[in-house]
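# Close look at the chain arrangement
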Amino acid sequence: MSRIRAIAAGLSLIAVTRSMSAAAGSSESPGLCLAGSPPRLLRLADVPGYEAHRLNDMLLLSPAGADTLCGSHTEAAEDGSEHVVFFPGDIQNFQQEMVLQPEGAQYQSWSLERVALILGRRFPGRYVWVVRASSMYLHKFSCYHNFVESNLFGAPEHSPDYGALRHLRALLSHGMERAGLLAPGASPFPPPAFSLALVAFSKGCVVLNQMVYELAGARADPQLAPFLGSVTDMYWLDGGHPGGSETWVTDRRALQELAAGGMALHAHVTPYEVRDPMRAWVGREHRRFVRTLEELGARLTSTLHFEDEPPPSTTTSGSSRPSDQRELAGSRVPSLEG
């Protein structure tokens, strides 16, 4: 097992633990406010999306000073125009569920609640949404089948019309209504001045990849085009999944659409993914992703973290590590903290 780092120097896990003490004992209510000093957390269960069967649990972190959660819609809520959506990786779950699983318990520092707080530090003044995976096979393998066709282990099968963008648009619309950030039935969505940054870590990057394949159709759709236009940034943080290909988008036509969108693109990787000799295709695809976007003139920032760290060994001391059984190491990519 590779060792776990702190996400960034100066992050106090003791302070985070204190902030999250209420979360560990939270229940499954449709909208549960986690009391404490601002910023505050609101857990939303079974938020409806694009179709009736597409439901996702979400966690909302409101910025310090916001006073809209767990209350009625107010005029002040309309000022909340800047939002961040995060798609987590394998093992990451709500705090109360991670503590019950032997593998999850050791990674509580990267629970959905704690990562939301980290993102709140990285994106001050914004509303941070964490979308829980639709299912978790063996309490470990996150599957985003509401966003992309996937097998039990979460390996994706991408297509140009699965509806990931439509689903996210509906989730945010319904989630904002439940949180009191939008008046019930308000339309159209998104509201004026709405802006959105999309962030994904590890397995969660399959959602961003699916959205890239849908860009051409979305721009031609009068409902989706304004929503797509609100996306200012997309962050890929150490993308990886158990499939044998398409860890990174390499289709040139899809990447042309991505580059043409004008949003800022950020690709952060580590040797754990791009230098693993057992999964050499990940590094090749990442290099092609970066090279193609640079050729197309995209606004791309590409960063390799922990460059001096050796790549994963082909054998792991004490146990074998099949390529699809990926350790959660949320600390692998420090860019969440700034």
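Relevant structure appears above.
Numbers given to residues run from 1 along each chain, matching the order in which its sequence is written. Given that the model is predicted, a residue must reach a pLDDT of at least 70 before its local features are reported, and side-chain atom pairs must reach 80 or more before they are shown or counted; all residues, however, enter totals for whole chains, interfaces and linings. With hydrogens and water excluded, all non-hydrogen atoms of the structure serve as input to the side-chain values.

## Here's the deal with the pattern of salt bridges
So the rule is basically this: Note on definitions: salt bridges are taken to be side-chain nitrogens of Lys or Arg within 4 Å of carboxyl oxygens of Asp or Glu. Numbering of helices and strands starts at the N terminus; helices are DSSP runs of H or I of at least 4 residues and strands are runs of E of at least 2.
Scanning all chains against the criterion turns up ten salt bridges. Glu 97 is the salt-bridge partner of Arg 43, the closest N and O atoms lying 3.8 Å from each other. On the criterion of sequence distance, the pair formed by Arg 43 in strand 2 (residues 41-48) and Glu 97 in helix 2 (residues 95-98) is long-range, its members being 54 residues apart. One salt-bridge network, held together by shared partners, links Arg 43, Asp 57, Glu 97 and Arg 132.

## Points about helix 8 (residues 252-260)
Every α-helix winds through 3.6 residues per turn, so residues three or four apart in the chain are directed the same way. We apply this condition: Note on classification: 1.4 Å probe, protein chains only; a residue is buried when its accessible area is under 20% of the maximum for its type, exposed when over 50%, partly exposed between these limits. Each C-beta atom gives one direction from the helix axis, and the arc is the one those directions make. Should any heavy atoms of two residues lie within 4.5 Å, those residues are considered in contact. The definition of a polar contact used here is a pair of N or O atoms within 3.5 Å, where within protein one atom must be able to donate a hydrogen and the other to accept one, and adjacent residues in sequence count solely through side-chain atom pairs.
Every buried residue belonging to helix 8 is among Ala 254, Leu 255, Leu 258 and Ala 259, and all of these are buried. Seen from one end, helix 8 has its buried residues packed into an arc of 135 degrees, which puts them on one side. Exposed residues pointing more than 90 degrees away from the buried face of helix 8 are listed as Arg 253 and Ala 260. Where helix 8 is buried, its residues meet helix 6 (205-219), strand 11 (231-237), strand 12 (264-269) and helix 10 (280-295). With a side-chain oxygen positioned 3.1 Å from the backbone nitrogen of Arg 253, the residue opening helix 8 is Asp 251. Gly 262 sits one or two residues past helix 8 and shows a positive phi near 80 degrees.

## A closer look at the environment of Asp 46
With respect to the helices and strands, Asp 46 occurs in strand 2. C-alpha separation for the pair Asp 46 and Asn 56, spaced ten residues apart in sequence, amounts to 5.1 Å. Residues contacting Asp 46, with those up to four places away along its chain left out, are Leu 55, Asn 56, Asp 57 and Arg 178.

## Quick look at unusual backbone geometry
A cis geometry characterises the amide bond from Phe 189 onward to Pro 190, with omega recorded as 5 degrees. Its identity is not glycine, yet Asp 238 carries a phi of approximately 55 degrees, on the positive side. Secondary-structure assignment places Asp 238 in the loop between strand 11 and helix 8. On the basis of relative accessibility, which here comes to 0%, the residue Asp 238 falls in the buried class. Of note in the backbone geometry, Glu 246 takes a positive phi value of approximately 60 degrees without being a glycine. Assignment of secondary structure puts Glu 246 in the loop between strand 11 and helix 8. Judged by relative accessible area, Glu 246 falls into the partly exposed class, the value being 25%.

## Some thoughts on the side chain of His 167
Along the chain, His 167 turns up in helix 5 (residues 164-178). Within the structure, His 167 has its side chain in polar contact with the backbone nitrogen of Tyr 50 (distance 3.2 Å). Non-local contacts of His 167, meaning those with residues more than four positions away in its chain, are made with Gly 49, Tyr 50, Arg 54, Asn 56, Asn 146 and Phe 147.

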